[in-house]
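# Commentary on secondary and tertiary structure
Residues per chain are reported as follows:
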Amino acid sequence: MAFSFMRKYEKPIMFVIVVFCLSTIGVTGTMMQFFGGGKAQTAATFEVVPGKPVKVSEEDFIRLKRDLSSFMAMASQGRNQTVSDDETLTHIIKIDEAKASGIDVSDDEVATVVKLLFPGLTDAQYRMVVRSRGFGSADEFQGFLRDWISTQKLDRLTAPADRVKSEDVYNEFKKKSTRLSNEHVAFKAEDRLSDMNPVDYKTPEVKKWYDDKMNAKGRQDAASKALQERYKSPDKLDLEVVWADFAEFDPAKTGEWLKDRKVEDTEIRGYYDAHPDYFTVEAEKPKDPEKKDDAKAAEAPKAKPFDDVKEDIRKRILATSLVQKALDDANAQRTEKKPVLLDALATKYGIQYRKLSGVEKPKLESAELIGSKNLAGELGAQSPASFPTSVTANRPDRAYFTRIVAQMPAKTMPFDDVEASVRKDYMLDKAMEKAVADAEELKSKIEERAKEKVKDKKPEDLAAWEKELEEDKKNGVNLQEKSKDLAYATRSADMQKKKRDFDNLWQKESGAVFDELVKERGLQPGKLEAYTVVDKADESVKDEKDTMKKFFRTNHLLDSLEPGMCSSSLLRDEENKVAYVAKITKKEEPAWSELTAEEYKTIADGILKRRQSMMQMLPMGGADPDDRFRKTKLQSRHHEAKTIGGVPKP
């Protein structure tokens with residue numbers, strides 16, 4: 001399908017749609033009353049510049065609304081999108097404002113945005129995608145895009161990124177500070193385990209489930225990802241370490257290897273000055289613990305005199321030199337393509353050698369290996385059989401170098417090794433299926449009974465439309481092609497508005513039905529009062545131990561519901577252990593007085609940063625900054641337009 005191309009380019013496409021949405025939000029609030037009834041008007045007349053009326057015919061209005069919806073769908077990977085009447089009118093006004101302001105859009109700017117939307121597509125693929133979304137040709141789409149870019153340039157000039165309105169700040173604050181209360185019925189997998197007979201779950205069935213889970217590709221839910229990680233053996237390494245312990249090192253027993261190594265006093269002094277914490281006297285216990293001055297004196301360790309540690313430092317430097325000599329020898333042998341036997345080299349130079357097999361990467365920082373607190377960092381990007389370029393000597397007790405002999409990447413554990421644990425996970429997964437089925441049944445019953453209560457309020461033409469769609473779907477009718485017909489597109493937009501209105505009716509009844517069914521079935525709903533919804537990375541939920549509270553506090557599916565409404569989507573926790581059916585009982589928006597000056601500044605700075613970042617990414621060269629633009633009266637942009645019957649009046 002054409003949209004398989006779009007999925008590859010999610011990030012740039014989503015960026016374009018976000019900018020589009022931002023550009024409409026600034027004006028839409030003022031335009032919300034233009035077409036309050038939701039139906040396209042027969043015509044609209046407005047003035048961008050006083051004395052210059054702009055007329056929009058019904059046909060042009062509907063066509064542009066369809067094009068905007070198609071553009072939104074293209075930028076959101078093919079999902080159906082419906083642009084409202086007020087957003088369409090806003091777009092028309094902004095196009096004329098841009099023209100009145102002398103804003104031009106070059107061919108290069110159009111080409112840049114096309115490449116941003118369709119990176120890597122051939123010309124034929126690009127044209128196919130454009131036509132599949134209802135545009136007659138690539139030229140027609142690029143004409144639409146030229147107008148769209150002009151509105152973005154207008155936004156840059158009329159609503160500069162450094163202007164953040166107080167209502168923008170409050171709306172952002174409201175998103176994270178609105179307090180919700182809910183009642184919910186929890187369907188837990190663990191409660192259904194007692195209904196299951198373990199004998200029914202044979203090993204071949206469990207093994208197939210395990211293999212399917214471990215070999216699953218593509219995007220996985222959080223529970224599946226956690227399962228895959230749990231049953232993977234960690235990355236492992238085989239290592240060789242050659243080192244010299246300073247405490248045990250005796251230069252006299254190293255033969256001739258250090259005869260030419262002279263250690264000057266300046267080198268010793270430099271080592272002493274560079275490592276003051278290596279040479280300190282332990283703090284003495286305070287004479288009188290009650291006296292604070294004595295306690296402070298005991299907390300400050302004193303450096304040992306240089307002369308007392310001079311010979312110790314000389315020994316350290318010689319030991320480090322010997323380990324470096326062994327490393328140089330090993331590198332020379334490797335260059336000459338001779339076998340490199342580090343254990344033999346360690347014996348040759350009178351230093352230590354150790355081989356570490358199957359070391360798990362997470363344990364590379366464990367001091368018990370070779371005393372290193374940062375072995376992972378020291379190994380760096382070494383490949384198997386390679387050597388480091390230098391000896392690690394920046395530590396108080398030894399100098400060493402390490403070589404990776406072999407790497408064993410993480411792999412799925414054999415089923416036979418983990419069968420008992422997998423069987424428990426399998427049974428919990430099957431129990432969750434039962435819990436989800438029970439939750440789905442309750443949710444469906446709520447929806448069914450709520451719709452039954454308002455069925456008499458369902459418009460006849462909407463029922464006929466839904467029946468027609470079912471028939472088209474059954475007969476394989478191409479609805480995208482069908483929607484190119486203007487009359488059909490108009491009817492479709494009207495029916496979608498009616499469907500949203502009807503959905504609101506039955507959803508308002510769903511809360512009362514929830515209460516009825518809970519009482520009928522003797523269920524005990526849980527409650528969560530006055531909580532705010534935040535992102536999962538928010539610090540306020542980082543250490544939350546109550547899984548139910550954490551789930552609802554990080555779940556945005558209930559944000560848009562009004563009190564008394566049930567969620568039409570099934571709610572499942574990330575661990576795949578509980579399914580919820582919930583209704584909102586209360587929704588309290590924060591008062592303006594709750595927004596502190598510090599929060600205001602933080603939110604405003606965040607909005608500003610996002611706007612600046614987005615504006616900088618779009619190609620917006622060539623905007624006209626001269627007095628001709630600055631003297632233009634853009635009344636609708638400055639929120640001075642009045643509306644009567646859906647038509648703006650200056």
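Provided above is the structure to which this section pertains.
Attention in this report is confined to the structure presented alongside it. Keep in mind that what you see is a predicted model, and the values were worked out from it rather than measured.

### Some details on the side chain of Arg-66
Structurally, Arg-66 can be placed in helix H3 (residues 58-75). Assessed through its relative accessible area of 17%, Arg-66 is described here as buried. Excluding its chain neighbours within four sequence positions, the residues that come into contact with Arg-66 are Gly-134, Ser-483 and Lys-484.

### Examining empty space enclosed by the protein
This model, assessed by the stated rule, comprises 2 cavities of 30 Å³ or more. Each pocket or cavity is described by its volume, and for the second largest cavity that value is around 60 Å³. Looking at the second largest cavity, the residues that line it are Lys-443, Ile-446, Glu-447, Trp-506, Ser-510, Cys-566, Ser-567, Ser-568 and Val-581. Residue assignment for the lining of the second largest cavity shows that the elements contributing at least two residues are helix H17 (415-454) and helix H20 (486-521). Tallied by class, residues from the lining of the second largest cavity come to 4 nonpolar, 3 polar and 2 charged.

### Topic: helix H18 (residues 460-474)
With 15 residues, H18 ought to run about 21 Å at 1.5 Å a step, and its terminal C-alpha atoms sit 21 Å apart, in line with that. Those residues of H18 that fall on the buried side of the exposure criterion are Leu-462, Trp-465 and Asp-472. Each buried residue of H18 lies within a common arc of 80° when the element is viewed along its axis, so the set occupies one face. Exposed side chains of H18 directed beyond 90 degrees from the buried face belong to Glu-460, Lys-467, Glu-470 and Lys-474.

### Let's talk about the packing of aromatic side chains
Using the criterion set out here, one finds 21 aromatic pairs in the structure. On the numbers, 6.4 Å between centres and 50° between planes, the contact of Tyr-531 with Phe-552 is tilted. Placement of Tyr-531 in strand S11 (residues 526-532) and of Phe-552 in helix H21 (residues 547-553) is noted, with a sequence separation of 21 residues between them. Look at Phe-552 and you get buried, because its relative accessible area is 1%. Ring geometry for Phe-551 against Phe-552: centres 5.1 Å apart, planes inclined by 70°, an arrangement best described as edge-to-face.

The rules behind each value
Starting afresh in each chain, residues are numbered from 1 along the sequence in its written order. It should be noted that, the model being predicted, local features are given only for residues of pLDDT at least 70 and side-chain atom pairs only at 80 or more, the latter also being counted only at that level, while totals for whole chains, interfaces and linings use all residues. Side-chain measures here rest on the full set of heavy atoms in the structure, leaving out hydrogens and waters. Secondary structure follows DSSP: runs of H or I at least 4 residues long count as helices, runs of E at least 2 residues long count as strands, and numbering of each begins at the N terminus. Each residue is placed in one exposure class: buried if its accessible area under a 1.4 Å probe, protein chains only, is under 20% of its type's maximum, exposed if it is over 50%, and partly exposed if it falls in between. When checking whether two residues touch, look at their non-hydrogen atoms; a contact exists if any pair is within 4.5 Å. Using protein atoms alone on a 1 Å grid, points that fit a 1.4 Å probe yet trap it form a cavity, whereas open point sets bounded by protein on both sides within 12 Å along at least five of seven lines form a pocket; residues with an atom within 4 Å of a point count as lining. Grid points are joined across faces, edges and corners, and a volume is the space filled by probe spheres set on the points. Gly counts as polar in this scheme, as do all residues outside two lists: the nonpolar Ala, Val, Leu, Ile, Met, Phe, Trp, Tyr, Cys and Pro, and the charged Asp, Glu, Lys and Arg. Helix span is expected to be 1.5 Å times the residue number reduced by one. As used here, the arc is the angular range of directions from the helix axis to the C-beta atoms. Working definition: rings of Phe, Tyr and Trp (its six-membered ring) pair if their centres are within 6.5 Å, and the pair is stacked with planes under 30 degrees apart, edge-to-face with planes over 60 apart, and tilted otherwise.

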